[in-house]
Amino acid sequence: MLLISRERPRARGEGLAAAPDHTFLSVADTGADTVTVIDIPTGTRHATVPVGAQPEGVAVSPR
């Protein structure tokens, strides 16, 4: 089993995207209207970004 985060989800994750260096995972949280950024090595929430109504996907740029 892969443990991504030890934190309890606040909404339903609808889309995932990992940073090219695999340090962060972005999750579109449809019910919360946010994108949550998870620090993969520590399994903790790095940021929660308000993005508007019901995000359904996320993409990460290599920049």
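Residues numbered from 1 in each chain as written. Predicted model: local features only at pLDDT ≥ 70, side-chain atom pairs only at ≥ 80, totals over all residues. Heavy atoms only, no water.

**Here we look at the overall build of the chain**
In step 1: Secondary structure summary: the chain contains zero helices and four strands in total.
In step 2: Start at the N end of the chain and walk to the C end: the helices and strands fall as β-β-β-β.
In step 3: By residue count, 27% of the 63 residues in the chain fall in the buried class.
In step 4: Considering only residue pairs separated by 6 or more positions, the chain has 31% of its internal contacts joining residues 24 or more positions apart.
In step 5: Surface accessibility of the chain: about 4500 Å² in total, with carbon and sulfur atoms responsible for 54%. (Helix = DSSP H or I, 4+ residues; strand = E, 2+ residues; numbered from the N terminus. Buried < 20%, exposed > 50% of the residue type's maximum accessible area, 1.4 Å probe, protein only. Contact = heavy atoms within 4.5 Å. Areas by Shrake-Rupley, 256 points an atom, 1.4 Å probe, with all protein chains shown as cover.)

**Observations concerning the confidence of the model for the chain**
In step 1: On average, residues of the chain score 82 in pLDDT, and 78% of them reach the 70 mark or higher.
In step 2: Within the chain, strand β4 (residues 44–50) carries the highest mean pLDDT (93), whereas strand β1 (residues 13–18) carries the lowest (84). (pLDDT = per-residue confidence, 0-100.)

**Comments concerning the pairing of strand β2 (residues 24–29)**
In step 1: Counting buried residues along β2, five of its six residues qualify, which places the element largely inside the surrounding structure.
In step 2: The loop that links β2 with its antiparallel partner strand β3 (residues 34–39) comprises four residues; one of these, Asp33, has a positive phi angle of about 60°. (Pairing = 2+ DSSP bridges.)

**Re the environment of Val49**
In step 1: Considering the arrangement of structural elements, one finds Val49 in strand β4.
In step 2: In this structure the C-alpha to C-alpha distance between Val49 and Thr34, which are 15 residues apart in sequence, comes to 5.3 Å.
In step 3: If we ignore the near neighbours within four places in the chain, the residues touching Val49 are Asp33, Thr34 and Val35.

**Describing the pairing of β4**
In step 1: With six bridges joining them, β3 and β4 adopt antiparallel strand pairing. Paired with Ile38 across the bridge in β4 is Arg45.
In step 2: The hairpin formed by β3 and β4 contains four residues between the paired strands, and Gly43 there has a positive phi angle of roughly 70°.

**Overview of the environment of Ile38**
In step 1: Positionally, Ile38 belongs in strand β3.
In step 2: For Ile38, a relative accessible area of 10% corresponds to the buried category.
In step 3: It is 5.1 Å that separates the C-alpha atoms of Ile38 and Leu25, two residues lying 13 residues apart in sequence.

**What to know about unusual backbone geometry**
In step 1: Of note, the phi angle at His22 is positive, near 60°, even though the residue is not glycine.
In step 2: Position of His22 relative to the elements: it lies in the loop between β1 and β2.
In step 3: His22 sits in the exposed class, given a relative accessible area of 56%.
In step 4: Of note in the backbone geometry, Gln54 takes a positive phi value of approximately 45° without being a glycine.
In step 5: Among the secondary structure elements, Gln54 is positioned in the segment after β4.
In step 6: Its relative accessible area of 51% is what places Gln54 among the exposed residues.

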